[in-house]
Number of protein chains: 2
Amino acid sequence: MLPNPKQMDENLDPRVKRTRKLILDSFGILLAEKNFENISVQDVTDKAQINRATFYAHFQDKYALLDYSVSKMFMQEIEKRTLNACHYTPDNLRSLILAVCEFLGNMHSSCAQPHEQFESLIENQIKKHIFGLLSHWLSQSKVKLSTEIPATVATWAIYGLASHYSHMKKRPALEKFVDEALPLVSVNLEQFA
Amino acid sequence: MLPNPKQMDENLDPRVKRTRKLILDSFGILLAEKNFENISVQDVTDKAQINRATFYAHFQDKYALLDYSVSKMFMQEIEKRTLNACHYTPDNLRSLILAVCEFLGNMHSSCAQPHEQFESLIENQIKKHIFGLLSHWLSQSKVKLSTEIPATVATWAIYGLASHYSHMKKRPALEKFVDEALPLVSVNLEQFA
DNA sequence: TCAAATCTGTTGACTAAGCAACACTGGAGA
DNA sequence: TCTCCAGTGTTGCTTAGTCAACAGATTTGA
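What counts and what doesn't
Residues numbered from 1 in each chain as written. Chains lettered and ligands numbered in written order. Predicted model: local features only at pLDDT ≥ 70, side-chain atom pairs only at ≥ 80, totals over all residues. Heavy atoms only, no water. Helix = DSSP H or I, 4+ residues; strand = E, 2+ residues; numbered from the N terminus. Rg over C-alpha atoms; globule rule 2.2 N^0.38 Å. Buried < 20%, exposed > 50% of the residue type's maximum accessible area, 1.4 Å probe, protein only. Contact = heavy atoms within 4.5 Å. Lys, Arg positive; Asp, Glu negative; His and termini not counted. Charge placed at Lys NZ, Arg CZ, Asp CG, Glu CD. Polar contact = N/O pair within 3.5 Å; in protein donor to acceptor, adjacent residues only side chain to side chain. Arc of directions from axis to C-beta. Least-squares fit on C-alpha atoms with pLDDT ≥ 70 in both. Near = heavy atom within 4 Å. Nonpolar A, V, L, I, M, F, W, Y, C, P; charged D, E, K, R; others polar. Axes fitted to C-alpha atoms, helices over the stretch in contact; angles between N-to-C directions. Parallel < 35°, antiparallel > 145°, perpendicular 65-115°, else oblique.

1. Brief notes about the overall build of chain A
Per the secondary structure count, chain A includes eight helices and zero strands. Ordering the α and β elements of chain A from the N terminus gives α-α-α-α-α-α-α-α. Relative to the 2.2 N^0.38 estimate, which gives 16 Å for 193 residues, the radius of gyration of chain A is 18 Å and therefore close to what a compact globule would have. For chain A, with 193 residues in total, the buried portion stands at 44%. A separation of at least 24 residues holds for 70% of the contacts in chain A among residues at least 6 apart in sequence. A gap of 3 Å separates the mean positions of the 22 positive and 22 negative side-chain charges of chain A.

In structure tokens, the structure reads:
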């Protein structure tokens with residue numbers, strides 16, 4: 001039932017890949033049309049031209065679909081920047097903040113009126129990924145300090161920055177915004193550099 | 001095994017529609033890249049991301065696929081102009097000639113170097129459709145004459161014209177070309193008007 | 001000229017997707 | 001209040017698609 005999208009989608013049965021792609025694509029289109037609360041499982045399966053029972057063979061409900069969809073998109077963003085296989089450096093941190101800002105920015109552009117519930121579901125999912133990534137980075141450091149607190153602080157800070165950025169009426173240049181914010185996040189992580 | 005593409009594709013199992021669409025789309029893309037002789041069933045199934053055995057559940061071989069593909073495209077062209085549900089008039093005949101010219105014209109633009117075998121397979125398929133259509137038209141006339149000879153002559157004339165048109169180095173305006181040719185075809189059919 | 005490689009068409013066992021039906025829930029409205 | 005309606009999950013059975021393996025045909029090239 002798709003606990004996480006990390007498991008290689010490559011070795012899967014082609015039918016499964018096809019079905020998931022149909023579901024995800026349809027879901028993306030629907031999200032651009034109306035907000036998450038008003039999208040039913042029926043809507044998704046109708047657009048995807050698959051049977052409703054098939055949907056439930058892949059996802060527990062539409063919330064699981066949202067989690068999976070957000071996770072998958074976010075991870076692609078991370079992998080594109082090869083941030084999944086590296087360690088902590090100020091520059092990698094900068095890339096990460098950039099990625100989160102861009103991701104949330106795109107989300108806001110491509111989705112119809114975002115609603116509270118929708119945003120908080122996304123927030124939880126993304127923060128989980130950021131935290132996992134930071135923990136991984138910090139654990140590779142020679143200094144063997146506890147990573148939990150610093151990773152938590154940085155995670156919330158990064159998400160907060162990105163959320164703030166994506167909600168701004170007049171968004172400033174992304175690079176400028178990130179460069180200004182970076183020191184406030186990196187200050188707690190430098191010990192792992 | 002798909003004797004003709006006429007049977008309503010609507011009521012089919014969604015999986016079947018999906019698979020056929022995947023095959024047809026991939027075939028179309030491949031035809032734009034290389035000529036028919038050099039396209040293997042493997043190429044098609046690889047691009048379509050379906051199993052080779054599945055292909056053979058739908059088509060006998062790649063020649064059957066070509067027949068089906070050409071027939072389907074041509075019939076869509078005919079239905080678009082609502083020529084499938086009408087009778088003989090000079091104006092409908094004109095539309096038909098236009099349709100065949102456009103169809104072959106597009107075919108030549110969108111396919112890589114057409115080869116002999118490829119063209120003759122298409123020719124047979126298209127002529128079959130033209131003949132069927134004309135026979136249907138003429139049979140609706142009040143005059144109960146044999147339609148076979150006139151329909152045959154007109155079929156070959158129409159295909160010949162369209163083939164000629166599509167092979168021309170500098171194609172003249174289509175409307176002009178058709179208007180000039182029309183009388184030479186209609187002369188044998190007027191008795192059914 | 002022989003061998004390796006590639007494509008073909010087919011099979012049988014397995015798995016995913018389709019479908020119709022079900023009981024259940026939570027509104028919306030007369 | 002009751003009923004109607006639309007959506008939710010779930011089930012048992014059917015059908016389509018996958019896969020690995022096979023024998024045979026053709027081509028390639030050493």
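2. Some remarks on the environment of R81 of chain B
Residue and element names in this part refer to chain B. Relative to the elements of secondary structure, R81 occurs in the loop between α4 (62-80) and α5 (90-110). Judged by relative accessible area, R81 falls into the partly exposed class, the value being 24%. Remark: the alpha-carbon pair of R81 and N92, spanning eleven residues in sequence, is separated by 9.3 Å. Among residues more than four places away in sequence, those in contact with R81 are S95, L98, A99 and E102. A distance of 2.9 Å separates polar atoms of two side chains, one belonging to R81 and the other to E77.

3. Structural notes on helix α2 (residues 41-48) of chain A
All names here are of chain A. Among all positions of α2, only V41, V44, T45 and A48 are buried. Down the axis of α2, the smallest arc covering the buried residues is 90 degrees, so these residues share one side. Taken together, the buried residues of α2 touch α1 (14-33), α3 (52-58) and α4 (62-80). A positive phi of about 55 degrees marks Q49, the residue just after α2.

4. Regarding the relation of the copies chain A and chain B
Mapping chain A onto chain B calls for a rotation angle of 180 degrees and an axial translation of 0.1 Å; the resulting RMSD is 0.0 Å. What we have between these two chains is a two-fold relation. Comparing contact sets, 100% of the residues at the interface of chain A also lie at the interface in chain B, consistent with an isologous, same-surface contact.

5. So, unusual backbone geometry
Residue and element names in this part refer to chain B. Even without being glycine, Q49 reaches a positive phi, approximately 55 degrees. Here Q49 shows up in the loop between α2 (41-48) and α3 (52-58). With a phi angle near 50 degrees, T82 is a residue other than glycine that sits in the positive phi range. Turning to its location among the elements, T82 is positioned in the loop between α4 and α5. The class of T82 is exposed, set by a relative accessible area of 54%.

6. Regarding the protein's contact with DNA strand C
Taken together, the neighbourhood of DNA strand C is formed by 21 residues, with R15, T19 and T54 of chain A together with R18 and R52 of chain B sitting nearest. Expressed as a percentage, the sugar and phosphate content of the atoms of DNA strand C within 4 Å of the protein is 62%. Between DNA strand C and the protein, one listed contact pairs a phosphate oxygen with a side-chain N or O atom of T54 of chain A at 2.5 Å. Classifying every residue of the surface near DNA strand C by side-chain character gives seven nonpolar, seven polar and seven charged.

7. Some points on the protein's contact with DNA strand D
Residues in close proximity to DNA strand D total 21 residues, the closest being R18 and R52 of chain A together with R15, T19 and T54 of chain B. In the interface set of DNA strand D, defined as its atoms within 4 Å of the protein, sugar plus phosphate atoms amount to 60%. Contacts to DNA strand D include Y56 of chain A, whose side-chain N or O atom sits 3.2 Å from a phosphate oxygen. Measuring from a phosphate oxygen of DNA strand D, one finds a side-chain N or O atom of T54 of chain B at 2.6 Å.

8. A short note on the packing of α1 of chain A against α4 of chain A
All names here are of chain A. With their axes 11 Å apart at the nearest point, α1 and α4 run at an angle of 90 degrees to one another. It follows that α1 is roughly perpendicular to α4 by the angle criterion. Touching R20, I23, L24 and F27 of α1 are L65, L66, Y68, S69 and K72, all from α4.

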